[in-house]
Amino acid sequence: MAMRQTPLTCSGHTRPVVDLAFSGITPYGYFLISACKDGKPMLRQGDTGDWIGTFLGHKGAVWGATLNKDATKAATAAADFTAKVWDAVSGDELMTLAHKHIVKTVDFTQDSNYLLTGGQDKLLRIYDLNKPEAEPKEISGHTSGIKKALWCSEDKQILSADDKTVRLWDHATMTEVKSVNFNMSVSSMEYIPEGEVLVLTYGRTIAFHSAVSLEPIKSFEAPATINSASLHPEKEFLVAGGEDFKLYKYDYNSGEELESYKGHFGPIHCVRFSPDGELYASGSEDGTLRLWQTVVGKTYGLWKCVLPEEDSAELAKPKIGFPETTEEELEEITSENSDSMYSSTPEVKA
């Protein structure tokens, strides 16, 4: 009998969660930021889901959110025609970058000196964060609203996706290097620096392309429409989620479906592996984030694997220890447990 996957449920948002991102591993662990249509992006401890703070200031749905590598800065993209940069330690707003339409995506360079944005006005913008008063550099060429834009190849190039096209741009010359067209809408894009791999989802397809040439590497078909996929840092597994409320885990090399879990109560909009690969996070239409173990039953974060003393041959049960919970409560993790961990309407800045 296999161990049961017991996700941690992170409450607090009041509308669908549409984007999430992890920081790199810092001396204080790693962190997780979530973007939500409630206009209140949240910062959490990455390995436990513990709520740290909420960034207050947007006046519309937040469509994109990211952290820099060392989790000292955050950036958000919103429907109020702005992107904002925040101090992720204090929660203070550092700058507001005005746009002419809805902003969908934000990404820092590795040194955190530049911010890339994209949105409904079909333009890529590069802001020098050390010169906030300066006009951004603009790259035109997309024919529909930009859904995702990411730095790649050590910030020398840019990857961007609109409705059915993925484009590769040269940062120095601000020109298009190559583009790939798809016959249906691209729903997500993830860039893996190690090995220069691009992970794309469209329809039921999870596709892997070279981030350097955009040439296809391999692709898998899922049982349902997929909205997001993420590749394990060691390229052993990939996880994906979409319209059927389920999370799927596949073997990257063979494409074999290893596991599937139904934990959300609405379509899954975003999924990402943590930087150490020990867990993956999912965000859903149901307004929650959930954290899932890569290896079920392993002691990690709030998960604790306990071997029964009476019968050591019995399979270990994954248990999660919360402060002031009884042994009986540990047997079943419910949303009530997670509500006791996080403020349901956190209004305090980080």
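Bear in mind the structure is a predicted one, so any value in this text is a computation, not a measurement. (Residues numbered from 1 in each chain as written. Predicted model: local features only at pLDDT ≥ 70, side-chain atom pairs only at ≥ 80, totals over all residues. Heavy atoms only, no water.)

A. Structural context of the overall build of the protein. Per the secondary structure count, the protein includes two helices and 30 strands. When each of the 350 residues of the protein is scored for burial, the buried share is 57%. For the protein, the share of sequence-separated contacts (at least 6 apart) that also reach a separation of at least 24 residues comes to 43%. A total of about 15000 Å² of accessible surface is found on the protein, and carbon and sulfur atoms cover 51% of it. (Helix = DSSP H or I, 4+ residues; strand = E, 2+ residues; numbered from the N terminus. Buried < 20%, exposed > 50% of the residue type's maximum accessible area, 1.4 Å probe, protein only. Contact = heavy atoms within 4.5 Å. Areas by Shrake-Rupley, 256 points an atom, 1.4 Å probe, with all protein chains shown as cover.)

B. Here's a closer look at the sheet that holds strand E5 (residues 51-54). One open sheet accounts for four strands, arranged E2-E3-E4-E5; its pairing is antiparallel. Of all strands in the sheet, those bounded by a partner on one side alone are strand E2 (17-22) and E5. Pairwise comparison of adjacent strand axes, ignoring direction, gives a mean angle of 20 degrees for this sheet. Sheet topology places strand E3 (residues 31-36) next to strand E4 (residues 42-45); four bridges connect them, and they run antiparallel. By the bridge assignment, Ile 33 is partnered in E4 with Leu 43. (Pairing = 2+ DSSP bridges. Axes fitted to C-alpha atoms, helices over the stretch in contact; angles between N-to-C directions.)

C. How the structure looks around the sheet that holds strand E20 (residues 205-210). The strand order E18-E19-E20-E21 describes an open sheet built from four strands, whose pairing is antiparallel. Each edge of the open sheet carries a strand with a single partner, namely strand E18 (186-192) and strand E21 (216-221). Direction aside, the axes of adjacent strands within the sheet are offset by 15 degrees on average. Relative to E21, E20 is paired through five bridges, and the arrangement is antiparallel. Its bridge partner lying in E21, Phe 208 is registered against Lys 218.

D. Highlighting the state of the cysteines. On inspection of all chains with the given rule, the structure shows zero disulfides. The cysteine Cys 270 is free of any disulfide, with Cys 36 supplying the nearest cysteine sulfur at 9.7 Å. (Disulfide = S-S within 2.5 Å.)

E. Up close: the packing of aromatic side chains. Applying the stated rule across the entire model yields nine aromatic pairs. Among the aromatic residues, ring-to-ring pairing joins Phe 208, Phe 220, Tyr 248, Tyr 250 and Tyr 252 into one connected group. Cation over ring: Lys 104 sits above Trp 63, and NZ or CZ is 4.7 Å from the ring centre. Sitting over the ring of Tyr 252, Lys 218 keeps its end group 4.2 Å from the ring centre. (Phe/Tyr/Trp six-rings, centres within 6.5 Å; stacked < 30°, edge-to-face > 60°. Lys NZ or Arg CZ within 6 Å of the ring centre and 35° of its normal.)

F. Representation of the environment of Ala 172 in the model. Mapped onto the elements, Ala 172 comes out in the loop between strand E16 (165-170) and strand E17 (175-181). Taking the C-alpha atoms as reference points, Ala 172 and Lys 156, 16 residues apart in sequence, are found 7.0 Å from one another.

G. Representation of unusual backbone geometry in the model. One non-glycine residue, Asp 155, lies in the positive phi region at around 70 degrees. Position of Asp 155 relative to the elements: it lies in the loop between strand E14 (148-152) and strand E15 (157-161). The backbone of Leu 214 sits at a positive phi, close to 65 degrees, despite the residue not being glycine. In this fold, Leu 214 is placed in the loop between E20 and E21. We classify Leu 214 as buried; its relative accessible area is 3%.

H. Just the pattern of salt bridges, in detail. Counted by the stated rule, this structure contains ten salt bridges. Between Lys 178 and Glu 215 there is a salt bridge whose closest N-O contact spans 2.5 Å. One end of the pair, Lys 178, is in strand E17; the other, Glu 215, is in the loop between E20 and E21, with 37 residues separating them in the sequence. What makes Lys 178 partly exposed here is its relative accessible area of 29%. A relative accessible area of 42% means that Glu 215 is categorised as partly exposed. Salt bridges here are not isolated pairs; linked through shared partners, they connect Asp 121, Arg 125 and Glu 138. (Salt bridge = Lys/Arg side-chain N within 4 Å of Asp/Glu carboxyl O.)

I. Seen up close, the environment of Asp 70. One can find Asp 70 in the loop between strand E6 (62-67) and strand E7 (73-78). The exposure class assigned to Asp 70 is partly exposed, which follows from its relative accessible area of 44%. A sequence separation of 39 residues divides Asp 70 from Phe 31, and the C-alpha atoms of the two residues are 9.1 Å apart. Only 2.9 Å separates the side chain of Asp 70 from the side chain of Thr 72, close enough to count as a polar contact. (Polar contact = N/O pair within 3.5 Å; in protein donor to acceptor, adjacent residues only side chain to side chain.)

From the geometry alone we can't say anything about function, so treat these as descriptive.
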